[in-house]
Amino acid sequence: VTNVPAPGRLARRRRARRRVLTEASSVMLGVVLLIWSLTPVYNMLLVALDPEEGEIEFAGNLWTPEPSLEGFRAAVMQDARYLEYFWYQYGNSLYIGLATTLLTVLVGSMASFAVGRMHLAKASLLTNAALLTYVIPASFLIVPLYRVMHGYGLLDDLWAVIAAQVTFAIPFAILILRQYARLIPLDLDDAARLDGATVVQLYLRIYLPLMAPALAVIAGYSLLLSWNDYIYQFVLLSSQRNMTVSVMQAALFVDADARWNAMMAAAIIYAALPIVILYALGRYIATALARGCT
Amino acid sequence: MNGTSVIHVGRPAIRRRTLSRSLRGGLKGGEYTWAVAFVVPYVAVFLTFVAYPVVYGLWMGSEASLYRELFADPIYQTTVVNTILYLALGVNVKMFLALLLSGFFMRRRWWIKALLAIYIMPWALASVQAFISFHWMLIGEQGLVDGLLSALFGIEGPIWFNDRWLGLGSNIVAYIWKWMPFWTVIFIAGRMAIPQDIHDAAEVDGATGARRFVHVTFPLLANLYLVCTLLSTIWTLGDFATVYFVSGGGPTGSTDVLATLGFHYAFDASRPALGVAVMISALPLLIPIVILLIGKLQTSEVQL
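Residues numbered from 1 in each chain as written. Chains lettered and ligands numbered in written order. Predicted model: local features only at pLDDT ≥ 70, side-chain atom pairs only at ≥ 80, totals over all residues. Heavy atoms only, no water.

1. Concerning the overall build of chain A
Looking only at helices and strands, chain A features 12 helices and zero strands. Element order for chain A, N to C, with α for helix and β for strand: α-α-α-α-α-α-α-α-α-α-α-α. For chain A, buried positions account for 53% of its 294 residues. In chain A, once contacts between residues fewer than 6 apart in sequence are set aside, the share between residues at least 24 apart is 77%. (Helix = DSSP H or I, 4+ residues; strand = E, 2+ residues; numbered from the N terminus. Buried < 20%, exposed > 50% of the residue type's maximum accessible area, 1.4 Å probe, protein only. Contact = heavy atoms within 4.5 Å.)

And the structure:
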């Protein structure tokens, strides 16, 4: 009698052992991923908290012997070489980022509204143009765009950078919006039309509110795009007045006598914004991407 | 304007399809005007900042002598090899790991959800700052990596950027670090779109673990995977910041890729036409990918 349930118990025990094994290996993988993701971030913190003004000296300690907020103070108070105009440059970066975001959402949503909701013939031409832009490697256009901007009289103008960023952000916007808009029934528009709604009302009162999650994703995407950019800001802007944080940090990077702790503190302050935004919009982004992929 | 349809009814034989009418579709006068007004901003952006610069660029790099000079240049040859390695290793390793990890992040555990929030941090971190940090981690004995190597294992770490292969490897690792989270999130979204009953059915049939991945999950994600890989290849070809900040192209330009070499020619060596030629020389690689990708994006439901 005792022999009969044995295979079942054996199988159960084997399953339990396998579950423990899976759990242990996923914890291990988790630890590896944690170290992998955070090491460069940790390195930034390590340098920023170093009290020394001069070069970084890492003696194998996992933590600086005397962590100091001196680097952060110098960055916030603009009290270090290169960082004299830190907040002004931050303002420039923010201006570019916000204008890019706003224009991308506006122009992208208008175009996708016309294409998706208004039965515009030859609308596929527009989508193809977006696709074509989408597949141009961004840095490949830098030289001709520089020349063209020169021709437009936009060199050393924040709007040149904004125009370039909007150009590269809009294709993503149009494609995501086109996909997301399929979830909103066209009957809704027809019903509103019967009630006498004008095109502008359809766009403002029905399309924009219902597309809010997708618009949030696009806003996040375009802000990240412009916040991440270096090459267009570096090439298209030249004067001190129009310098952005990215360009300043790159200039500081090649200077051997720079104050590393202040510079890394400034880098952390700059890098904090997209992280905050990403986590604030995280749920929206996940839902919209999931819907966009189906 | 309103009279056109009346004329049509009266004289069906003369159906002149003018350009404006074929563009108009089924729209009535007022709506058509609005539709055009809504599209004009994007068309203007496309023409001024994409179409014209592309044509201008092709014109700039249209001289054959540029390419003769380029192909004879040993630095260019090194750069092509680097670019191919960078794309082949960087993109494929990153995409494959992202696909596997997306399965890991699908597990329903609170700590895995929390880990995902940390895992996507490299993606959110601004590139310039992140790559400068990478550069400093690997700067030699003062860097974090060599410091850890000597503290933990007593090994004297290499000077990473004094060696072409170590430098190239550092660039690829930094690139994977930065962009793997983004694609993992895309694959998580793709996996979430797979109905749960398919997994349940697979489990009833005894497909678990690796077998379920090979026979159930991967076939369903294959199209998404292909599109993402193609797209990522194109974007990586245009990736400038990683190489520029991590290895800086050093030692002596031996880890440059096409994007950074083109930039150096155009802006450091003041030879813009040669810089454009470097970019254009990637077209034989780029065009087949673009054709394949646009076909996929137009027909399939996959959307990014």
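Resuming the write-up.
2. A short note on the overall build of chain B
When helices and strands are tallied, chain B shows 16 helices and zero strands. Counting all 304 residues of chain B, 50% fall into the buried class. Working note: accessible area of chain B is about 14200 Å², and carbon and sulfur atoms make up 67% of it. (Areas by Shrake-Rupley, 256 points an atom, 1.4 Å probe, with all protein chains shown as cover.)

3. Some words on the confidence of the model for chain A
Looking at chain A, pLDDT values average 83 and 89% of them are 70 or higher. Within chain A, the element-level pLDDT minimum falls on helix α12 (residues 260-293) of chain A, averaging 76, and the maximum on helix α3 (residues 86-117) of chain A, averaging 93. (pLDDT = per-residue confidence, 0-100.)

4. Some remarks on the packing of aromatic side chains
By convention here, two paired aromatic rings are described through the distance between centres and the angle between planes. For the structure shown, the criterion picks out 45 aromatic pairs over all chains. For the pair A:Tyr146 and B:Phe267, a centre-to-centre distance of 5.5 Å together with 90° between the ring planes defines the contact as edge-to-face. Pair noted here: A:Tyr146 is in helix α5 (residues 142-152) and B:Phe267 is in helix α14 (residues 258-268), and the two residues belong to different chains. On the basis of relative accessibility, which here comes to 25%, the residue B:Phe267 falls in the partly exposed class. With centroids separated by 5.6 Å and ring planes inclined at 50°, the aromatic side chains of B:Phe71 and B:Tyr76 adopt a geometry described as tilted. Of the residues examined, B:Phe71 reaches a relative accessible area of 45% and is grouped as partly exposed. (Phe/Tyr/Trp six-rings, centres within 6.5 Å; stacked < 30°, edge-to-face > 60°.)

5. Thoughts on the packing of helix α4 (residues 64-72) of chain B against helix α15 (residues 272-280) of chain B
Residues and elements named next belong to chain B. One way to put it is that α4 packs onto α15 with a least axis distance of 10 Å and a crossing angle of 75°. The orientation of α4 relative to α15 falls into the category roughly perpendicular. In contact with Leu66, Tyr67, Glu69 and Leu70 of α4, α15 contributes Ala273, Leu274, Ala277, Val278 and Ile280. Taken together, the residues of the contact of α4 with α15 sort by class into eight nonpolar, no polar and one charged. (Axes fitted to C-alpha atoms, helices over the stretch in contact; angles between N-to-C directions. Parallel < 35°, antiparallel > 145°, perpendicular 65-115°, else oblique. Nonpolar A, V, L, I, M, F, W, Y, C, P; charged D, E, K, R; others polar.)

6. Details of a positive patch on the surface
A cluster of like positive charges, contributed by A:Arg9, A:Arg12, A:Arg13, A:Arg14, A:Arg15, A:Arg17, A:Arg18 and A:Arg19, occupies part of the molecular surface. Tracing the backbone shows A:Arg17 in helix α1 (residues 6-48). (Patch = residues over 30% accessible without salt bridge, like charges linked within 9 Å, V, L, I, M, F, W, Y side chains within 5 Å. Salt bridge = Lys/Arg side-chain N within 4 Å of Asp/Glu carboxyl O. Lys, Arg positive; Asp, Glu negative; His and termini not counted. Charge placed at Lys NZ, Arg CZ, Asp CG, Glu CD.)

7. Focus on the side chain of A:Thr133
Of note, A:Thr133 is situated in helix α4 (residues 123-134). Setting aside anything within four residues of it in sequence, one finds A:Thr133 in contact with A:Thr167, A:Pro171, B:Tyr42, B:Phe46 and B:Val50.

8. Considering the nonpolar core
In terms of nonpolar packing, the biggest core is built from 192 residues, with A:Tyr232, B:Tyr42, B:Phe105, B:Trp183, B:Phe187 and B:Phe245 touching the most fellow members. Discounting residues that sit within four places of it in the chain, A:Tyr232 has contacts with A:Ala138, A:Ser139, A:Leu141, A:Ile142, A:Leu145, A:Val161, A:Ala164, A:Phe168 and A:Leu237. (Core = buried A, V, L, I, M, F, W, Y, C linked by side-chain atoms within 4.5 Å.)

9. Description of the interface of chain B and chain A
Taken together, the contact pairs 96 residues of chain B with 99 residues of chain A. Of the roughly 8900 Å² buried between chain B and chain A, counting both surfaces, carbon and sulfur atoms make up 77%. Put simply, B:Arg109 and A:Glu23 hold a salt bridge, and the shortest N to O gap is 2.9 Å. Our enumeration of links across chain B and chain A arrives at 12 residue pairs in polar contact (both at pLDDT 80 or more). Among the elements that take part in the side of chain B that touches chain A, helix α3 (residues 29-60) of chain B stands out by supplying 21 residues, more than any other. Considered class by class, the residues forming the side of chain B that touches chain A number 74 nonpolar, 15 polar and seven charged. (Buried area = accessible area lost by both parts, 1.4 Å probe. Polar contact = N/O pair within 3.5 Å; in protein donor to acceptor, adjacent residues only side chain to side chain.)

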